[in-house]
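Breakdown of the fold
The chain contents come next:
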Amino acid sequence: MNELPMSHHKHNDPLPETVLRVKALESLLVEKGLVDPAALDALIDTYETKVGPRNGARVVARAWADPAYRERLLSDASAAIAELGFSGRQGEDMVVLENTPQVHNMVVCTLCSCYPWPVLGLPPVWYKSAPYRARAVAEPRAVLEEFGCSLPEDVEVRVWDSTAEVRYLVLPMRPRGTDALNQAQLAELVTRDSMIGTALPRSP
Amino acid sequence: MPVLKADNVAAVLRKGASARLADPLPARFAVGQTVHALNINPPTHTRIPRYVRGRRGVVHSDHGVFTFADAHARGETVPERLYSVRFSSEELWGPQGSPGGSVYVDLFESYLASAT
């Protein structure tokens, strides 16, 4: 009999086979000298503690507060993002999509999990899941509703499938009632999902 | 390939590895032009999603020239132009599509043919 309580077998848990295979591969690669375990730790530390959606939130807050920066961000996103010190792997060729009262943008990678690492970090599990990838392009409004994002009927929904080398960041609309906030306070309103386009930013 | 050492991680991540190439290839398609995504089914790696194959779209923007992903998967560097192509939701999903909605897909030039 299996002695583990059922709660250890949640549907979203990775398959034990997958975990075992990853462990086996890792120890083999380390043993053969192809992977440096210290480098692996440094990579994990980078995306756990240094690079994440707070970077993107700073970009968005700056764009809300500084019209000249917003212009640069929309015309050459990679360069404008690099101005704030964010660049590199999986953010080499960036495009920023601006939400307006008429247009809502939402990003997916139907083929795998392409995602703008320097500004958002590594993708959440749901972004990589087959249901999100399949449904985002086919029924984006239904997906948005499930994220709690209800848009007026007359808003045009544009879905961006990052199938190649370009990585996309959504510039959400600045919430109302934020005129008195500084950039640091504005950045607090910018959530990861609002920069993927599956949510709206927080209200103050 | 050299083994990545912990000391180099930050520099390697910061530097990145853009797939953009400087080759001045002419553009076969213009922004605003109507195109067809080809109905192709390569047995090897490709970056054309099945749901656009055989569908008609409009070139939204020209991203420039990049390493063609399908060739790169074979270890070759082949420069090719990359476009963002807009497909209406109804073109992709028929009556189940959402009126006014659209999907923008990044497609390499050899995935496309002129539709006019």
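Please refer to the structure placed before this passage.
First things first, this report covers the structure right here in the doc. If you're wondering where the values come from, they're calculated on a predicted model, not measured in any experiment.

**Let's talk about the pairing of strand S4 (residues 102–108) of chain B**
On any regular strand, side chains alternate: one points to one face of the sheet, the next to the other face. Of all 7 residues that make up S4 of chain B, 7 are buried, and the element is covered over most of its length. A two-sided burial pattern is seen for S4 of chain B, the buried positions comprising Ser102, Tyr104, Asp106 and Phe108 of chain B on one face and Val103, Val105 and Leu107 of chain B on the other. Note: strand S3 (residues 156–161) of chain A against S4 of chain B, 4 bridges, orientation parallel. By the bridge assignment, Asp161 of chain A is partnered in S4 of chain B with Val105 of chain B.

**Brief notes about the layout of surface pockets**
Counted as a void, the largest pocket has a volume near 580 Å³. What lines the largest pocket is a set of 16 residues, among which Leu43 and Arg89 of chain A together with Met1, Leu4 and Val12 of chain B lie closest to the centre. Ranked by residue count, the leading element in the lining of the largest pocket is helix H2 (residues 37–50) of chain A, at 3 residues. A per-class count over the lining of the largest pocket returns 12 nonpolar, 1 polar and 3 charged. Looking at the second largest pocket, its volume works out to about 470 Å³.

Cut-offs and rules
Residues numbered from 1 in each chain as written. Chains lettered and ligands numbered in written order. Predicted model: local features only at pLDDT ≥ 70, side-chain atom pairs only at ≥ 80, totals over all residues. Heavy atoms only, no water. Buried < 20%, exposed > 50% of the residue type's maximum accessible area, 1.4 Å probe, protein only. Helix = DSSP H or I, 4+ residues; strand = E, 2+ residues; numbered from the N terminus. Pairing = 2+ DSSP bridges. 1 Å grid on protein atoms, 1.4 Å probe; cavity = no way out; pocket = protein on both sides within 12 Å on 5 of 7 lines; lining within 4 Å. Points joined across faces, edges and corners; volume = space filled by probe spheres on them. Nonpolar A, V, L, I, M, F, W, Y, C, P; charged D, E, K, R; others polar.

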